[in-house]
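# Overview (structure and organization)
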Amino acid sequence: MRLVVFGAGYVGLVSGTGLSDLGHEVLVFDIDPDKIAKLSDGRVPIYEPGLGDLIHRNQRCGRLQFASAISAPFDAADAYFIAVGTPPDAAGAADLSAVMAAADMIAKVASKQAIVVVKSTVPVGTCDAVQARLASARVPLEVVSNPEFLKEGDAVNDFFKPDRVVVGARSDEARQMLRDLYAPLQLSGERLVVTDPRSSELIKYASNTMLAVRISFMNELSRLCHATGADIHSVRLGVGTDSRIGKKFLYAGPGYGGSCFPKDVQALSALGREHGVPMRIAEAAHGANEEQALFLGQLVDKALEGVMGKKIALWGLAFKPETDDIRESPAVKLTKALLDKGASVSCHDPEAGPNFAKLFGAKVTVKDRDYDALDGAHALVLLTEWRSYRAPNFTEIKRRLVPTASGGAPLLVDARNIWRPSDVLRAGLRYQGIGVATNRVADRPSQR
Ligand SMILES: NC(=O)c1ccc[n+]([C@@H]2O[C@H](COP(=O)([O-])OP(=O)(O)OC[C@H]3O[C@@H](n4cnc5c(N)ncnc54)[C@H](O)[C@@H]3O)[C@@H](O)[C@H]2O)c1
């Protein structure tokens, strides 16, 4: 098939490239000329494991192209995918201006009957609104909902081995076309969930909110652990071994971030408000997440007896490992809080350093080498569980950090509970985890 993908971001690039690897002729279109210039030149503007090689392979054989205009033969595409951003507006609802701009362009350029596949995460009813927007097209165009579930950091794998592919279509023809398109991904068993567009749109928000709720609940429990002397590690094991509950997404930490959970949870709440059905659980998950970010700042502040004038080192700036994405990352929130309180921040991340430096400018120091971020700092806060941080040299960390003003040992805040507290204490450092009773840390194993 001949396909056009609108948006060369995390979703558009991965799905466009993946579709070309399945043998389709794909044009990825973006309004950002810098991105297109880089991609056309073989440079990949984001960090996503395995994506670069896949782009180059398909570019070389001419199946994958990038452009900031749509011309022949792509005016006669079989399908147009919309994978543009849907960021939150001031009220937390999804801003659909990029989706509608893409729809307008499709209406203008399409010269052959086609389907329009909405991959962006959009509120219920958006596909119908896009369908209405396409009324001015010269040819019949049918809108299909096909939300994306890829995980940044493992997105290529997710594209080729999805847990499920959700398709919301009104006509048999459109349903069949999506079945054909995704057939190569179904060889090891049918994973297609076929429904109507409205249910499909809601499935995406419901899935992300369900995961966010699990994280927020565990984070709330971690704060209760601090208050009561219970240990979140044991609580997680005890709860997660119930097969009805399962073990995933039960890790306490600095709060969820990224470009999806925070905005999608808020967008579901906004959708509920719009329809007079309060989404109380989504609202609570969001509130608990905001509190967790504040809690982490307070934890550092309290352990250092105030951060004013102190230097704090951060390891891990991306919202999760294996991505360079810092949107809504706990590191961004903590850095803002620390700077507001008069601390200085020195940091490292294997991939997200340049994005962080771009966001904060001269207000923070971003180091290329992890240990260099520690020199002269009073505390190290681990925020993202990159593999390279999992087994650090605690003696070297101790050598680089400085004691707090009151003579206390330098502090390690393990916001992902990945280190064995006994290793940290043995090196002469103080340990602070999330939801970990400080009087019991010596014999507590790491969370992962
Ligand atoms: N990032 C994820 O992990 C993820 C996962 C699942 C779903 N989603 C959803 O997919 C959508 C895209 O997310 P993303 O992270 O890829 O966004 P992104 O911000 O990385 O990329 C969006 C791209 O769209 C481009 N764009 C904006 N307007 C355009 C237009 N009119 N025509 C063509 N291109 C245009 C932008 O220049 C940008 O390159 C969002 O709705 C998001 O919620 C994201």
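The structure this text deals with has already been given above.
Small disclaimer: the values here were computed from a predicted structure and weren't measured. (Residues numbered from 1 in each chain as written. Predicted model: local features only at pLDDT ≥ 70, side-chain atom pairs only at ≥ 80, totals over all residues. Heavy atoms only, no water.)

Take the packing of helix H1 (residues 10-21) against helix H3 (residues 51-60) next. At a closest axis distance of 9 Å, the pairing of H1 and H3 adopts a crossing angle of 50 degrees. It follows that H1 is oblique to H3 by the angle criterion. Crossing of H1 against H3: the hand is left-handed. On the side of H1, the interface is formed by Leu13, Val14, Thr17, Ser20 and Asp21, while H3 contributes Leu51, Leu54, Ile55, Arg57 and Asn58. For the contact of H1 with H3, the residue count by class is five nonpolar, three polar and two charged. (Axes fitted to C-alpha atoms, helices over the stretch in contact; angles between N-to-C directions. Helix = DSSP H or I, 4+ residues; strand = E, 2+ residues; numbered from the N terminus. Parallel < 35°, antiparallel > 145°, perpendicular 65-115°, else oblique. Left-handed = near helix turned anticlockwise from the far one by under 90°. Contact = heavy atoms within 4.5 Å. Nonpolar A, V, L, I, M, F, W, Y, C, P; charged D, E, K, R; others polar.)

A separate point is the site of the ligand. Taken together, 28 residues lie around the ligand, and Asp30, Lys35, Thr86, Glu152 and Lys263 are the ones closest in. One nitrogen or oxygen atom from the side chain of Thr86 is found 2.6 Å from an oxygen atom belonging to the ligand. Ser259 has a polar side-chain atom sitting 3.5 Å from a nitrogen atom of the ligand. Expressed as a share of its isolated accessible area of 830 Å², the protein-covered part of the ligand is 89%. Here the shell around the ligand takes three residues from helix H4 (residues 97-109), the largest share from any one element. Of the residues belonging to the shell around the ligand, the class tally is 13 nonpolar, seven polar and eight charged. When residues of the shell around the ligand are assigned to domains, at least three map to each of domain 1 (2-195) and domain 2 (208-443). (Near = heavy atom within 4 Å. Polar contact = N/O pair within 3.5 Å; in protein donor to acceptor, adjacent residues only side chain to side chain. Areas by Shrake-Rupley, 256 points an atom, 1.4 Å probe, with all protein chains shown as cover. Domains from an automatic or database assignment.)

This is a description of form; function is not addressed.
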